[in-house]
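Spelled out, the chains give:
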Amino acid sequence: MSLDALVASSIDGLMLGFLYGLAAMGLTLIFGVMRVINLSHGPVIALGMFVILELTTRFGINPYLALVLALAIGLAFGVVIYFVAVQRVINAPELTTLLATFSVNLMIIGLGTVIWTTSPRAVNVSLGSVSAGAVTILGTHAVAVAIAIAVTIGLYVFLYRTRPGKSIRAVANNRAAAELMGIDSNAVLALSFGLGTMLAMASGGLLATLFSFTILSGGTYETKSFVIVVLGGLGNPTGALLGGVLLGLLEGVATIAMPVGWVPVFEYVIFVLILLLRPRGLLGPRA
Amino acid sequence: MKHIRWAGLVLALTGIVASACGGTTTPAPAGGGTTAPAAGGPTVTKDLIIGFSASQTGAQNVASKKQTEGIQLWVDDVNKAGGIKLKDGTVLKPQIKFYDDESKTDRVQQLYTKLINDDKVDFLLSPYSSGLVKAAAVVSEQNGKVMITAGGADDATMEQGFKYIYQVYTPASKYLTGAIDLIGKLDPSIKKIAIVNEKDSFSTSVVQAAQPYATGKGFQVVLSEGYDTGTKDFAPFINKIIAAAPDAIVGGGHFDDGTTFAKQLYEKKVNARVIALLVAPPEPTFADIGDAAQYIIGPSQWETQVKYSAEAAKSANLPYYGLTAKDFTDRYTTKYSAPPSYHSAGGYAAGQVLQKALEDAGSTDPEKVRAALDKMDLMLFYGHVKFSTDAKTHGKQIAHDMVYVQWQKDSYTNRLATQIVWPPEAKSADAQLRK
């Protein structure tokens, strides 16, 4: 194993890990607040990619400016999904909400395939690169990491320093008690679903500046998000970000140590081991 | 009344769904229909329905579009020339019927079954890409329909003893062997090769032949890795490539992954002196990646600069059939406002092969057409075409040769263009090493 390759690959994996973490934070936020496993997560990530594509190609908007619009679109879209598909089954058993979000998944994929087909698309953005020895860091990757960190900090400030954010935490903690304190839990749940969707769209938008994509591309990141959420502990946004970074790093190291085709096997072995040994995640309370 | 309204609504919706799901057919040229007595003789005009699936969407859409355009141009040319004239006076007017297979194998199986059973097509052409061709070949063979494969080079498909499948492309096993010869000639000091390829049937066939060939020629294979179809992030492979420090990189798979791979190799400043990738480089739109395209070499079934002609056929003691390469390029460029690629030429050539076989057979009877295809040995604008008649490899292409192109910058205009750099007898420029 070459040390140069290991360092380069670890840095690549680590950087990608922040985007995995951002996507997983959306999934875990929704679960933490309303106990809904959101199966429309992957298609929403892909939708984030296409929002950036459309805004840059049709309106000539800078991709990073388009990302700000994508955040707003993601928030609004999440609120719409909540009122259309989730609200009426929010108190039903978990399988019902699972099916409701799965139907949203199928609708987005179906409509997306009609509109954009499944042909690969790409957002052309180049910010140069910096090289040191065997390590070359692309500007687009560095900016994506910086934005992912900024969005995470923004989310924390919102959750811990603002009234709506505190309401979300209160509802997540104990919905009945929060309602007794005068919090409109329905509005808070809608906002939480909107925020989760916004994070998924943000990660999709950032991934679009790095790689080509199709409407089906979200599937890979959705699966990774589930692994990350289990790594970090369900319902724990900090755990999700750390889980994402850890998974990215593991991928980076593993690709050097074994044929790349074996890396997903390695990832899922870890997934199963964590489910067996620490079912509440690495950062979750001990079972 | 209510029932009638509902029936109307259902019919309207069915129409919308049908039009959204494909079913594209080119309009029948004048003279269609089953029979039409011509003035002055007992000429019978028949429609000849040729079916295939095309990847209008999905990963294969770029090359598949070119192939379909080639087929459409052939149909136009034949109809403009009055159709395919058989010895008994029958004139066949080709029409094509095709659907979008979305680059998916299961769609191909459904669509070829539909083309055979519902649309009752007379002959089949193939989809684009080896994986899809393999799926179509099984259905065609089971139904006893002759299929000319335009876009499939995989060896394994043609080594199953099929009786009705005929391959126009040079098989995959010969795709990179020429590139390895070229590397050896270009710089004898190059010894270390990295092979990174898509893990599909075609690219695996290519690599399984190229790897022992390279070792036999004295090269050291320092890295051999496969990537999944649809891979977008090549960083893990590129880090391994940098660590192995090869002099040359060969591999790739199809258009999208090949283009992305070339772009990321450039962005990550990989300094191998030769890079040869499958399928993507000969496509004109490969140049969209800008400077990342420069110096990239790719095997091609055909290029606009090839020199196949009636004279070349004569000196090779072969009959020449059809238009010249220049005529094909001009007509194609006029019709589609873009230059043809080898995928376009493959589509047109597949049509020509079927046309010649029908003329030689004097009939649309599949057995007679098969017999004519088995005997075929000729030169087209696309090159020499001859099929294996061996029971195990029946229908496999055994005469057509590859050329290798490289994207080079014109020293005056500084614009990127492809040049044929191998074999020496066909080259339009010398190959260049990456800097």
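Residues numbered from 1 in each chain as written. Chains lettered and ligands numbered in written order. Predicted model: local features only at pLDDT ≥ 70, side-chain atom pairs only at ≥ 80, totals over all residues.

Q: Any chance you could explain the overall build of chain B here in plain terms?
A: In terms of regular secondary structure, chain B is built from 12 helices and 16 strands. The C-alpha radius of gyration of chain B comes to 23 Å, within 12% of the 22 Å expected for a compact globule of 435 residues. By its C-alpha atoms, chain B is 70 × 65 × 45 Å across when sized along the principal axes. Looking at the 435 residues of chain B, the share that counts as buried comes to 52%. When contacts within chain B are restricted to residue pairs at least 6 apart in sequence, long-range pairs at least 24 apart make up 68% of them. (Helix = DSSP H or I, 4+ residues; strand = E, 2+ residues; numbered from the N terminus. Rg over C-alpha atoms; globule rule 2.2 N^0.38 Å. Buried ≥ 20, exposed ≤ 12 C-beta atoms within 10 Å, placed from the backbone. Contact = placed C-beta atoms within 7 Å.)

Q: What's the story with the interface of chain A and chain B in this structure? I'm lost.
A: When the parts come together, some accessible area is lost, and that loss is often what is quoted as the size of the interface. The interface of chain A with chain B comprises 24 residues on the first partner and 24 residues on the second. The set of elements that each furnish at least two residues to the side of chain A that touches chain B consists of α1 (3-34), β1 (129-132), β2 (135-138) and α10 (237-257) of chain A. Looking at which element gives the most residues to the side of chain A that touches chain B, the answer is α1(A), with five residues. Residues that form the side of chain A that touches chain B fall into these classes: 11 nonpolar, 11 polar and two charged. (Nonpolar A, V, L, I, M, F, W, Y, C, P; charged D, E, K, R; others polar.)

Q: Help me out: how do you make sense of helix α4 (residues 130-142) of chain B in this one?
A: Structural remark: α-helix, 3.6 residues per turn; residues separated by three or four positions point the same way. All names here are of chain B. In this model, α4 (13 residues) spans 18 Å end to end at C-alpha, consistent with the 18 Å of a helix rising 1.5 Å per residue. Here α4 lies mainly inside the structure; 10 of its 13 residues are buried. Every buried residue of α4 is listed here: Ser-130, Gly-131, Leu-132, Val-133, Lys-134, Ala-135, Ala-136, Ala-137, Val-139 and Ser-140. Buried positions along α4 lie against α3 (105-117), β5 (123-125), β6 (147-149), β7 (165-167) and α6 (201-216). Of the residues one or two after α4, Gly-144 is the one with positive phi, at around 65°. (Expected span 1.5 Å × (residues − 1).)

Q: Help me out: how do you make sense of the packing of α1(A) against helix α7 (residues 235-244) of chain B in this one?
A: The packing of two helices is summarised by the inter-axis angle and the distance between the axes. The interhelical angle for the contact between α1(A) and α7(B), taken along N-to-C directions, is 165°, at an axis separation of 9 Å. Our classification of the angle between α1(A) and α7(B) gives roughly antiparallel. Between α1(A) and α7(B) the crossing geometry is right-handed. Facing Asp4(A), Ala5(A), Ala8(A), Ser9(A) and Asp12(A) of α1(A), the residues of α7(B) in contact are Ala235(B), Pro236(B), Asn239(B), Lys240(B), Ile242(B) and Ala243(B). (Axes fitted to C-alpha atoms, helices over the stretch in contact; angles between N-to-C directions. Parallel < 35°, antiparallel > 145°, perpendicular 65-115°, else oblique. Left-handed = near helix turned anticlockwise from the far one by under 90°.)

Q: Just checking my understanding: could you explain the nonpolar core for this structure?
A: For soluble globular proteins, nonpolar side chains are generally found buried alongside one another. Ranked by internal contacts, the top residues of the largest apolar core, which has 125 residues, are Ala262(B), Ile275(B) and Ile297(B). The element contributing the most residues to this core is helix α11 (residues 342-361) of chain B, with 10 residues. Grouped together as the second largest cluster of nonpolar side chains are 80 residues, Leu22(A), Phe31(A), Val44(A) and Leu207(A) included. (Core = buried A, V, L, I, M, F, W, Y, C linked by C-beta atoms within 7 Å.)

Q: What's the story with the domain arrangement of chain B in this structure? I'm lost.
A: Residues and elements named next belong to chain B. The domain boundaries assigned to chain B delineate domain 1 (23-170 + 307-386) and domain 2 (174-300 + 402-426). Here the C-alpha centroids of domain 1 and domain 2 sit 30 Å apart. Contacts between the two partners involve 18 residues from domain 1 and, on the opposite side, 19 residues from domain 2. Where the side of domain 1 that touches domain 2 is concerned, the elements lending two or more residues are α2 (61-80) and α4. Looking at the side of domain 1 that touches domain 2, the element that brings in the most residues is α4, giving three residues. Residues that form the side of domain 1 that touches domain 2 fall into these classes: eight nonpolar, six polar and four charged. (Domains from an automatic or database assignment.)

Q: What should I look at first to understand helix α10 (residues 325-336) of chain B in this one?
A: All names here are of chain B. Compared with the 16 Å implied by 1.5 Å per residue over 12 residues, the 16 Å span of α10 between its first and last C-alpha is a close match. If you check which residues of α10 are buried, you get Ala-325, Phe-328, Thr-329 and Tyr-332. Along the long axis of α10, the arc covered by the buried residues comes to 95°, so they all point the same way. Opposite its buried face, α10 presents the exposed residues Lys-326, Asp-327 and Thr-334, each directed more than 90 degrees away. The inward-facing, buried residues of α10 abut α2 and α11. Ser-337 sits one or two positions beyond α10 and adopts a positive phi of about 55°. (Arc of directions from axis to C-beta.)

Q: Please explain the packing of helix α2 (residues 41-59) of chain A against helix α9 (residues 218-232) of chain A as it appears in this structure.
A: All names here are of chain A. The contact between α2 and α9 brings their axes to 7 Å, and the two run at 130°. The orientation of α2 with respect to α9, classified from their angle, is oblique. As for how α2 packs across α9, the hand of that crossing is right-handed. Counting all contacts with α2, which are made through His-41, Gly-42, Pro-43, Val-44, Ile-45 and Ala-46, the residues of α9 involved are Gly-218, Gly-219, Tyr-221, Glu-222 and Ser-225. Residues belonging to the contact of α2 with α9 are distributed by class as follows: five nonpolar, five polar and one charged.

Q: What exactly am I supposed to notice about the sheet that holds strand β10 (residues 248-252) of chain B here?
A: Two modes of strand pairing occur in sheets, parallel and antiparallel, and in both the strands are linked by backbone hydrogen bonds. Residue and element names in this part refer to chain B. In spatial order, the strands read β9-β8-β10-β11-β12-β15-β16; together these seven strands make up an open sheet with mixed pairing. Edge positions in the sheet fall to β9 (220-227) and β16 (416-422), since each of these pairs with one other strand and no more. Sheet twist, expressed as the mean angle between neighbouring strand axes with direction ignored, is 25°. The sheet contact formed by strand β15 (residues 403-409) and β16 spans six bridges and is antiparallel. Paired with Trp-407 across the two strands is Thr-418, which belongs to β16. (Pairing = 2+ DSSP bridges.)

Q: Got a minute to help me understand unusual backbone geometry in this structure?
A: Residues apart from glycine generally show negative phi values, whereas peptide bonds are mostly found in trans. Residues and elements named next belong to chain B. Omega for the bond connecting Trp-422 with Pro-423 falls within 30 degrees of zero, at 0°, which places this linkage in the cis form. Structurally, the position occupied by Pro-423 is in the segment after β16. In the Ramachandran plot, Val-279 falls in the positive-phi region, its phi being about 60° despite a non-glycine side chain. As for its position among the elements, Val-279 is in the loop between β11 (274-277) and β12 (296-300).

Q: How should the confidence of the model for chain B be read in this particular structure?
A: Low pLDDT marks regions whose predicted coordinates should not be analysed in detail. All names here are of chain B. For chain B, the mean per-residue pLDDT works out to 88, and 90% of the residues sit at or above 70. Here residues 7-40 is a poorly scored stretch, pLDDT under 50, and it has 30 contacts once near neighbours within four places are set aside; other chains count. This complex was scored by the predictor with a pTM of 0.79 and an ipTM of 0.82. (pLDDT = per-residue confidence, 0-100.)

Q: Just to check I follow, could you spell out the environment of Ala202(A) for this structure?
A: Residues and elements named next belong to chain A. Along the chain, Ala-202 falls in helix α8 (residues 185-208). Its 27 C-beta neighbours within 10 Å are what place Ala-202 among the buried residues. Ala-202 sits 51 residues away from Val-151 along the chain, and the two C-alpha atoms are 8.5 Å apart. If we ignore the near neighbours within four places in the chain, the residues touching Ala-202 are Leu-22, Gly-48, Leu-67, Ala-70, Leu-71, Gly-74 and Val-151.

Q: Got a minute to help me understand the pairing of strand β4 (residues 91-100) of chain B in this structure?
A: One face of the sheet, then the other: side chains in a regular strand alternate in exactly this way. Residues and elements named next belong to chain B. Of all 10 residues in β4, eight are buried; the element is thus mostly enclosed. Across 10 bridges, the pairing between strand β2 (residues 45-54) and β4 is parallel. If you follow Ile-50 over to β4, its bridge partner there is Ile-96. Pairing analysis gives two bridges linking strand β3 (residues 84-85) to β4, with the strands arranged antiparallel. Following the sheet pairing, Lys-85 is matched in β4 by Val-91.

Q: Help me understand the pairing of strand β13 (residues 377-380) of chain B in this model?
A: In this sheet, strand β14 (residues 383-386) of chain B lies alongside β13(B) in antiparallel orientation, the contact comprising four bridges. Paired with Leu378(B) across the two strands is Val385(B), which belongs to β14(B).

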